[in-house]
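# Fold and geometry: a report
Given next are the chains, with one letter for each unit.
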Amino acid sequence: MANALVEDLKWRGLLYQQTDEEGMEKLLNEEKVSLYVGVDPTADSMHIGHIVPMLTLRRFQQAGHQPILLVGGATGMIGDPSGRSSERNLLTADQIQHNVDCIKGQLGRIFDFSNETNGAQLVNNYDWFGNMSTIEFLRDFGKLININYMLGKDTISSRLETGLSFTEFTYTLIQGMDFNHLYDHHNVRIQVGGSDQWGNITTGLEIIRKTHEEETKAFGITIPLVTKSDGTKFGKTAGGAVWLDAEKTSPYEFYQFWLNTADSDVVKYLKIFTFLSREEIEALEAKVEAEAHLREAQKTLASEMTKLIHGEQGLEQALKITAALFSGELKALSVEEMKVAFSGVPSVEVAKKDANIVDLLVEAKISSSKRQAREDVTNGAISVNGEKVKELEYTIDAKDRLEDAFTIIRRGKKKYFMVKFA
């Protein structure tokens, strides 16, 4: 019998590989199941490339199953070779702990931890690996997995030519031990991961099979790699990764990332990332086809994702900045919001002194010459911190220096510049 959740995952394009589709659907129909997904704390924030398996696990939680979230305090010290051509730089124990603490907070925004029947649980694999001896590791687990079996894994075989340390070589075995531990201690029956985790997941199933005399019910699912229709990498901007940490990627920048989604990608992303119903997404799909210029699907995607990761307050800030920039009414923004809004615009540093507007436009290379600068001013093309300046004798002084450090100048309708004063 088909499972409604699995059918929905298929419709959303979230199922790439399954170890036993029929057996897993039977299990999901008969029992409340615990599932897990892991993330290694290699940084103090997750980015949007991390969250597809997380959001998929939340769908299971909404269907009544229990998510177990593993933060790899131990595996983060080893480094997953999956998808990498070289070894990661090893982090100190203090760095790992700091990253673990930061990631815990981000997971709290995605999952419901308070539900008494299927609230999410957070675990750290350092708790069961931290005191394990080398002898215990080798005798109890190393002997379970054949070297030839491990060499057959893509994550290992793809690195043999460029080099793979023994530390990285053991990673798939250690992650397999995680699955086995969670199977025994948290009744976990399904591991969910990105498509690059297939080898690690199947190693876990092999360890479970070999360490249990009874017939086991354990399964693995992988999520396809999210791609853009133009072939470029998803989740990257000119400034780098799109982080979940508001200090690294502001709510406004986060909102803008989703808002700028191409028409050819937006419906796919609505299915993958949001919790909108099939009917709601199909209605938005029809609007993309009939009224693409209104970008309603993109606005919905951006709002849903920003609210999920940064809350209502983060979404309000993003919408406020977006509206102010669109209208040119910068007076509605606080100084902090101005910093966020213009963090990516061209900037130039000049000496801190009172300066005539024409001279400053030329010095900051906003206008190409004094003649052009005078034309820009008299034609009403120049705004200082949201206020139009049309007087050639206008002086930029302390009143225009926000925090006595910078001024935002707009030339024309859309060209913004940040003038920094040193």
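Residue positions are counted from 1 within each chain, in the order its sequence is given. Note on the predicted model: pLDDT of at least 70 is required for a residue's local features to be given, and 80 or more for side-chain atom pairs to be given and counted; whole-chain, interface and lining totals, by contrast, use all residues. Values shown for side chains rest on all heavy atoms present in the structure; no hydrogens or waters enter the calculation.

## Here we look at empty space enclosed by the protein
- In this analysis a 1.4 Å probe is tested at points of a 1 Å grid over the protein atoms alone, and where it fits but cannot get out there is a cavity; an open set with protein on both sides within 12 Å along at least five of seven lines is a pocket; lining residues have an atom within 4 Å of a point. Grid points are joined across faces, edges and corners, and a volume is the space filled by probe spheres set on the points. Considering all chains together, one arrives at two cavities of 30 Å³ or more under this definition.
- Empty space within the largest cavity amounts to approximately 40 Å³.
- D263, K287, V288, E291, A292, R295, E296, A297 and Q298 are the residues that line the largest cavity.
- It is helix α16 (residues 296–327) that provides the largest number of residues to the lining of the largest cavity, a total of three residues.
- Residues are grouped as follows: nonpolar covers Ala, Val, Leu, Ile, Met, Phe, Trp, Tyr, Cys and Pro; charged covers Asp, Glu, Lys and Arg; every other residue, Gly included, is treated as polar. Tallied by class, residues from the lining of the largest cavity come to three nonpolar, one polar and five charged. Strands here are runs of E lasting at least two residues and helices are runs of H or I lasting at least four, both read from the DSSP assignment and numbered beginning at the N terminus.

## Some details on a nonpolar patch on the surface
- On the surface, I147, L151 and L160 cluster together into a nonpolar patch covering about 250 Å² of accessible area.
- Locating L151 in the fold gives a position in helix α8 (residues 147–151). Patch members must show over 30% relative accessible area and no salt bridge, and they are joined within 9 Å when carrying like charges or within 5 Å when they are nonpolar side chains of Val, Leu, Ile, Met, Phe, Trp or Tyr. Residue-level accessible areas treat just the shown protein chains as cover; the underlying method is Shrake-Rupley with a 1.4 Å probe. Only one rule defines a salt bridge in this text: a Lys or Arg side-chain nitrogen within 4 Å of an Asp or Glu carboxyl oxygen.

## Focus on the sheet that holds strand β12 (residues 387–388)
- Two strands make a pair as long as DSSP finds a minimum of two bridges between them. Read from one edge of the open sheet, five strands run β9-β15-β14-β11-β12, paired in mixed fashion. The strands lining the two open edges of the sheet, one partner per strand, are β9 (347–350) and β12.
- As judged from the three bridges shared by strand β11 (residues 382–384) and strand β14 (residues 406–411), these two strands associate in the antiparallel manner. For S383, the partnering residue across the bridge sits in β14 and is R410.

## Brief notes about the packing of helix α14 (residues 263–273) against α16
- Axes here mean lines fitted to C-alpha atoms, for a helix over just the part in contact, with angles spanning 0 to 180 degrees between N-to-C directions. Two numbers describe how α14 lies on α16: the axes approach to 10 Å, and their chain directions differ by 35°. In the packing of α14 onto α16, the handedness of the crossing is left-handed. Of the residues in α16, those in contact with D263, V266, Y269, L270 and F273 of α14 are A297, Q298, L301 and M305. Two helices that cross are described as forming a left-handed crossing if the nearer one is turned anticlockwise from the farther one by less than a right angle, and a right-handed crossing if clockwise. For this analysis, residues touch if any pair of their heavy atoms sits within 4.5 Å.

## Focus on the confidence of the model for the protein
- What pLDDT expresses is the predictor's confidence in each residue, scored from 0 to 100. The share of residues in the protein with pLDDT of 70 or more is 96%, and the mean pLDDT across the chain is 89.
- Averaged over each element, pLDDT in the protein is lowest for strand β7 (residues 236–237) (70) and highest for α14 (97).

## What to know about the nonpolar core
- One finds I48, I190, W258, F273 and M305 to be the most contacted residues of the largest nonpolar core, which totals 62 residues.
- Ranked by residue count, the leading element in this core is α16, at eight residues.
- Leaving out residues up to four positions away in the same chain, I48 has contacts with F234, G235, V242, L244, F254, F257, W258 and F273.
- Take the buried residues of types Ala, Val, Leu, Ile, Met, Phe, Trp, Tyr and Cys, join any two whose side-chain atoms come within 4.5 Å, and each joined set is a nonpolar core. Buried residues are those whose accessible area, probed at 1.4 Å on protein chains only, stays under 20% of the maximum for their type, while exposed residues exceed 50% and partly exposed ones sit between those limits. Core analysis: the second largest hydrophobic core is formed by 28 residues, I78, M177, V188 and A218 among them.

## Points about the side chain of D376
- Within the secondary structure, D376 sits in helix α19 (residues 370–378).
- For D376, a relative accessible area of 6% corresponds to the buried category.
- Those residues in contact with D376 that sit more than four places away from it in its chain are S367, A381, I382 and R411.

## Focus: the layout of surface pockets
- There is about 1,100 Å³ of room inside the second largest pocket.
- Lining the second largest pocket are 39 residues; nearest its centre among them are Y252, Q256, L259, N260 and L325.
- Looking at the lining of the second largest pocket, the elements with two or more residues in it are β7, α13 (251–259), α14, α16 and α17 (335–341).
- Of the residues belonging to the lining of the second largest pocket, the class tally is 19 nonpolar, 10 polar and 10 charged.

## Examining α14
- α14 sits mainly inside the fold: eight of its 11 residues count as buried.
- Taken together, the buried positions of α14 are occupied by D265, V266, V267, Y269, L270, K271, I272 and F273.
- Buried residues along α14 sit in contact with α1 (4–11), α3 (51–62), α13, α15 (278–290) and α16.

## Points about the pattern of salt bridges
- The full count for this structure, using the stated rule, is 23 salt bridges.
- In this structure, E337 and K320 form a salt bridge, with 3.1 Å as the shortest nitrogen-oxygen distance. Taken together, the residues E337 in helix α17 and K320 in helix α16 connect sequence positions 17 residues apart.
- Close ionic contact of D359 with K370 constitutes a salt bridge, the shortest N to O distance being 3.2 Å. Pair noted here: D359 is in helix α18 (residues 357–363) and K370 is in helix α19, with a separation of 11 residues, a long-range link.
- By relative accessible area, D359 is classed as partly exposed at 34%.
- Shared partners join several salt bridges into a network, and the residues in it are E7, K10, E21 and E25.

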